[in-house]
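Remarks on the overall topology
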Amino acid sequence: MAHNPVNHPLRPMYRVLGFVAGAYLVLFGVVGLIQTSGEPFTGSTGVRVLGQGSNMLWSIIALAVGAIVLVATLIGRNIDVEADKFLGWGLLVIGSYELAFSRTDANVFGFTIATVVVTYLVGLALITVSLYSKVAPAEQAGAPRQVREGRTA
């Protein structure tokens, strides 16, 4: 953890980015639940949600992940750092699985390539947020890199 910044000056901006990513997942999940009601629970349904393929299973997962991200971001206290890191990597794993199996019967989440791209982007955004959102008391954070290296600017 020595290379990850603590008390980064742009931390509020990164927390907003995490909140927006969580809000998007919640919105996608809610709209997906509405549009995929009555459709099969898994597999390709042909239903498009916000321009992406989806089914009931992926809508529920997106809603749950988004809700966890939002709650963790609102709580803060480095809980958001761990939640964003874990869920971001989880989204990358799901996106990779669906990229590999998008045109097969193993496409259980009903992904299209657009859904894979958005899942990757949201996952990478959450990982980035987790890298720059860590906070610590000033006495534990240490001096900024420029001060440690003897530079003033």
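Keep in mind that this is a model prediction, so the values were computed, not measured.

1. Some remarks on helix α3 (residues 79-100)
Turn by turn, an α-helix covers 3.6 residues, leaving residues three or four places apart pointing in a common direction. Helix length check: α3 (22 residues) gives 32 Å between terminal C-alpha atoms against 32 Å at 1.5 Å per residue, within 8%. Looking only at α3, the buried set comprises Asp80, Val81, Ala83, Asp84, Leu87, Gly88, Leu91, Leu92, Ile94, Gly95 and Glu98. Down the axis of α3, the smallest arc covering the buried residues is 170°, so these residues share one side. Within α3, the exposed residues directed more than 90 degrees away from the buried face are Phe86, Trp89, Val93 and Ala100. Contacts made by the buried residues of α3 are with α1 (11-35), α2 (56-75) and α4 (113-132).

2. Observations regarding the packing of α2 against α3
Two numbers describe how α2 lies on α3: the axes approach to 8 Å, and their chain directions differ by 160°. By the angle between their directions, the pair α2 and α3 is classed as roughly antiparallel. In the packing of α2 onto α3, the handedness of the crossing is left-handed. Residue-level contacts link Trp58, Val65, Ile68, Val69, Ala72, Thr73 and Ile75 of α2 to Ile79, Asp80, Ala83, Asp84, Leu87, Leu91 and Ile94 of α3. Classifying every residue of the contact of α2 with α3 by side-chain character gives eleven nonpolar, one polar and two charged.

How each quantity is defined
- Residues numbered from 1 in each chain as written.
- Predicted model: local features only at pLDDT ≥ 70, side-chain atom pairs only at ≥ 80, totals over all residues.
- Heavy atoms only, no water.
- Helix = DSSP H or I, 4+ residues; strand = E, 2+ residues; numbered from the N terminus.
- Expected span 1.5 Å × (residues − 1).
- Buried < 20%, exposed > 50% of the residue type's maximum accessible area, 1.4 Å probe, protein only.
- Arc of directions from axis to C-beta.
- Contact = heavy atoms within 4.5 Å.
- Axes fitted to C-alpha atoms, helices over the stretch in contact; angles between N-to-C directions.
- Parallel < 35°, antiparallel > 145°, perpendicular 65-115°, else oblique.
- Left-handed = near helix turned anticlockwise from the far one by under 90°.
- Nonpolar A, V, L, I, M, F, W, Y, C, P; charged D, E, K, R; others polar.

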